[in-house]
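So you can see what is in the structure, the chains are spelled out below.
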Amino acid sequence: MSNLVRMVFVGVSLGAALSLAAAPAFAFDFGQLWPFGGGEARVSNAAEVTPVAGEVRYATQIQVDKAELEQVIADASLLVGDQGEAPEDSVSLLTRAQVDQKRIVAALYGEAHYGAVLTILIDGVPLDQVPLDINLQGKVAQVTIQVDAGSQFVFSAPDVRVNDQPLVVADYGLRAGETAKSDAILSAQNAIMTEWREKGYAFAEVVDRTIEADHSVNQLDVLLRIETGQLAHIGDVRVSGAKDMREDTIIEIADLPRGEIYRPQTIKRATRDLQELGVFNSVVIKRERRADRPDLVDLVIEVSERKPRTIGVGATIGNTDGLGVEGFWVHRNLFGGAEKVRVEGSVNRIGQGGLDKMDFHTALVYFKPNAFGPKTSFEGKISFDIENPKAFTKRGGKIETSLSHQINDDLSVRGGLTGEYAVLTVDGVTTNQSIISAPFELTYDTRDNSLNPTEGFFAVAYAEPTYAIANQAQFIKTSVKASTYYAFDDEAKLVLAGRVAAGSIIGADLADVPVDRRFFAGGAGSIRGYAFQAAGPRTLSGNPSGGLSFLETSVEARYRVTEQIGVVGFVDMGGAFTSSVPGQGGDLYTGVGVGVRYLTPLGPIRADLAIPLKNISGEPNYGLYLGIGQAF
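Since the model is a prediction, treat every value here as computed from it, not as a measurement. (Residues numbered from 1 in each chain as written. Predicted model: local features only at pLDDT ≥ 70, side-chain atom pairs only at ≥ 80, totals over all residues. Heavy atoms only, no water.)

## What to know about the overall build of the protein chain
Then comes step 1: Within the protein chain, the regular secondary structure consists of six helices and 30 strands.
Then comes step 2: Across its three principal directions, the C-alpha atoms of the protein chain cover 100 × 70 × 45 Å.
Then comes step 3: By residue count, 43% of the 632 residues in the protein chain fall in the buried class.
Then comes step 4: In the protein chain, 58% of the contacts between residues at least 6 apart in sequence involve partners at least 24 apart.
Then comes step 5: Total accessible area computed for the protein chain in this model is approximately 30500 Å², and 55% of it derives from carbon and sulfur atoms.
Then comes step 6: Positive and negative side-chain charges of the protein chain, numbering 58 and 78 respectively, have mean locations separated by a distance of 6 Å. (Helix = DSSP H or I, 4+ residues; strand = E, 2+ residues; numbered from the N terminus. Buried < 20%, exposed > 50% of the residue type's maximum accessible area, 1.4 Å probe, protein only. Contact = heavy atoms within 4.5 Å. Areas by Shrake-Rupley, 256 points an atom, 1.4 Å probe, with all protein chains shown as cover. Lys, Arg positive; Asp, Glu negative; His and termini not counted. Charge placed at Lys NZ, Arg CZ, Asp CG, Glu CD.)

In structure tokens form, the structure reads like this:
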């Protein structure tokens, strides 16, 4: 071993860094001076920084023998990253430099340089020789980060065992002869642990982890020992922190049956289901080891309840649709079982004319989760609406009841019954209509974020058998909508989003379908650049008439310029058609435009400007839309 120089790192958190234990002095001797001249300066020297009386100012330089590491060092360095924020005093600058020693070494490990020599100089003096009482106020210190990176290390044959049985880890990213980046070790370890825990071994743990750097051959030896313990099953489940919410309801909604194999994915699903109730500020499910039963895992659901009542307001605006305002009051936990009551109201199309041109909506909604088991919810709704689009005027009331069931994490189904009475006026002719329908909806959703998705798929299939009592018309209104998202980079700065939607009314002629039940196209959620309902067939008087089918498609390129600002370019195309076959009996309309997004924790605030490529007589020649959330 006298010819080998080894560093041993034992029991460390590889997520932060591979920290150094006992080692020969030369390997990471921070006191050594720069052994050669040259190196490139990342930041200009101190002469270009203006000193300020009473403040500590400094300039930084990075000198490294491998140019490709300069950016790596700069990204890891607080001295570089925080240079614009002057330290409070001289000691703060020295502290920043001391922290940099660990951060830069960790970054070098991340690039497989385990024999690097790092020296940080303050005005040419090595950091460990700078007196703590030095006074740098009113001056501009020159901070130099010098790195002799040395050779990159490669992995030797990894020695990984699970329950004392050898494990082939090539598929986990640890392969003999490949560059030995420290992140690869942590990634492989996490992947192995996740795999066993998802199998139900809740208390799998790393019992030995040794990483040795062999400087004689520039190799990194990895030894990993994992013990899985017994296959674990869910034991007792209890609740902590509940006040107004009933504990038995919390346990029922969490749906963690005793005796089921414990899996982290099950815990994530239960946590999500409880959070989606809207009752809690936080939900944390903790596990407890049973001394008497090592095959059981007891669970504690720790919750923190939020205030049950909320009042909210919102607004939308556009040149084609006018101003819209809405408000609501909601109680999230009416009887202690997360029953939700919501009173809502809205006024739309403000500015498009007088009161007779505005739309009014009010509704009372009751929602009960877990109505028929942990995955089935009930919703009842009573609503009254006054609608005044160009196609018709409507005064009506509606009663809706529905059940929704979560089939799995991605798939849900919803069905119910609806009864509606309305007074419709079309081209000066007024009729009364009573309609009974049974809407059914199947939703598939793998999006990472519903308001600002960057990956995943979203699709809704809808069918509504309908009976119009007045003319005894029977028909089925169907539609399919789907969207998908693709991020071009790991940070999802550039995202391509696509949407397609189509629908058809089957079983009745256009004249027999009440006008408010027909398909229309155009507007903020449809084909931007065209007014609401404008992109489709029209009556002899020039008003939109609606159709038996529609077809829409959209493509957006979304680019996040900063953490708060994004820009969008988009193309929307489609229309409504008199035929029940989408695309037949009408024209296609195309709108193109650009948009700006202000990104907030609650979702992006959207502003879009679109122009129609096919102008419609009497309609605006552009559309401006403001709202919350992405267009789709």
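## Thoughts on the packing of helix H5 (residues 247-254) against helix H6 (residues 264-275)
In a pair of packed helices, the angle between the axes and the distance between the axes together describe the arrangement.
Then comes step 1: At their nearest, the axes of H5 and H6 sit 8 Å apart, and the two run at 130° to each other. Accordingly, the angle class assigned to the pair H5 and H6 is oblique. In contact with Ile 250, Ile 253 and Ala 254 of H5, H6 contributes Arg 269, Ala 270, Asp 273 and Leu 274. (Axes fitted to C-alpha atoms, helices over the stretch in contact; angles between N-to-C directions. Parallel < 35°, antiparallel > 145°, perpendicular 65-115°, else oblique.)

## Describing the layout of surface pockets
Then comes step 1: By volume, the second largest pocket amounts to about 940 Å³.
Then comes step 2: In terms of lining residues, the second largest pocket is bounded by 29 residues, among which Asp 273, Glu 276, Ser 404, Gln 406 and Ser 412 are the most central.
Then comes step 3: Looking at the lining of the second largest pocket residue by residue, the class counts come to seven nonpolar, 10 polar and 12 charged. (1 Å grid on protein atoms, 1.4 Å probe; cavity = no way out; pocket = protein on both sides within 12 Å on 5 of 7 lines; lining within 4 Å. Points joined across faces, edges and corners; volume = space filled by probe spheres on them. Nonpolar A, V, L, I, M, F, W, Y, C, P; charged D, E, K, R; others polar.)

## Considering the environment of Ala 508
Then comes step 1: Along the chain, the position of Ala 508 falls in the loop between strand E25 (494-506) and strand E26 (549-560).
Then comes step 2: Judged by relative accessible area, Ala 508 falls into the buried class, the value being 14%.
Then comes step 3: Excluding residues that lie within four positions of it along the chain, Ala 508 makes contacts with Gln 474, Phe 475, Val 513 and Leu 548.

## Examining helix H4 (residues 182-198)
Think of an α-helix as 3.6 residues a turn; residues three or four steps apart then line up on the same face.
Then comes step 1: Given a rise of 1.5 Å per residue, 17 residues ought to cover 24 Å, and the 25 Å separating the end C-alpha atoms of H4 matches this to within 8%.
Then comes step 2: Those residues of H4 not exposed but buried are Ser 182, Ala 184, Ile 185, Leu 186, Ala 188, Gln 189, Ile 192, Met 193 and Trp 196.
Then comes step 3: Among the structural elements, helix H3 (90-110), strand E6 (154-155), strand E7 (159-162), strand E9 (205-214) and strand E10 (219-227) are those in contact with the buried residues of H4.
Then comes step 4: Directly beyond the C-terminal end of H4, a positive phi value near 115° is found at Gly 200. (Expected span 1.5 Å × (residues − 1).)

## Considerations on the side chain of Arg 225
Then comes step 1: Structurally, the position occupied by Arg 225 is in strand E10.
Then comes step 2: Here Arg 225 falls in the buried class, since its relative accessible area comes to 18%.
Then comes step 3: Of note is the side chain of Arg 225, whose polar atom sits 2.9 Å from the side chain of Asp 159.
Then comes step 4: Each residue touching Arg 225, except ones within four places of it in the same chain, is listed here: Asp 159, Val 160, Arg 161, Glu 205, Val 206, Val 207 and Asp 208. (Polar contact = N/O pair within 3.5 Å; in protein donor to acceptor, adjacent residues only side chain to side chain.)

## Some points on the pattern of salt bridges
Then comes step 1: Using the criterion set out here, one finds 40 salt bridges in the structure.
Then comes step 2: Between Asp 159 and Arg 161 there is a salt bridge, and its shortest N-O distance comes to 3.9 Å.
Then comes step 3: When its relative accessible area of 30% is taken as the criterion, Asp 159 is described as partly exposed.
Then comes step 4: Owing to a relative accessible area of 28%, Arg 161 belongs among the partly exposed residues under this scheme.
Then comes step 5: Between Lys 394 and Glu 420 there is a salt bridge; the shortest N-O distance is 2.6 Å. Of this pair, Lys 394 sits in strand E19 (residues 393-406) while Glu 420 is found in strand E20 (residues 411-426), placing the two residues 26 residues apart along the sequence. The residues Lys 394 and Glu 420 share a single accessibility class, namely buried.
Then comes step 6: Linked through salt bridges whose partners overlap, the residues forming this network are Arg 528, Glu 556, Arg 558, Asp 572, Arg 597, Arg 606 and Asp 608. (Salt bridge = Lys/Arg side-chain N within 4 Å of Asp/Glu carboxyl O.)

## Quick word on the packing of aromatic side chains
Then comes step 1: This structure, assessed with the given rule, holds eight aromatic pairs.
Then comes step 2: Ring plane angle 85° and centroid distance 5.0 Å describe the contact between Tyr 486 and Phe 488, whose orientation is recorded as edge-to-face.
Then comes step 3: A relative accessible area of 48% places Phe 488 in the partly exposed class.
Then comes step 4: Aromatic side chains Phe 519 and Phe 550 sit 4.9 Å apart centroid to centroid with 40° between the ring planes, which places their arrangement in the tilted category. Highlighted residues: Phe 519 in the loop between E25 and E26 and Phe 550 in strand E26, separated in sequence by 31 residues.
Then comes step 5: Positioned over the ring face of Phe 632 is Arg 499, at 5.8 Å from the centre of the ring. (Phe/Tyr/Trp six-rings, centres within 6.5 Å; stacked < 30°, edge-to-face > 60°. Lys NZ or Arg CZ within 6 Å of the ring centre and 35° of its normal.)

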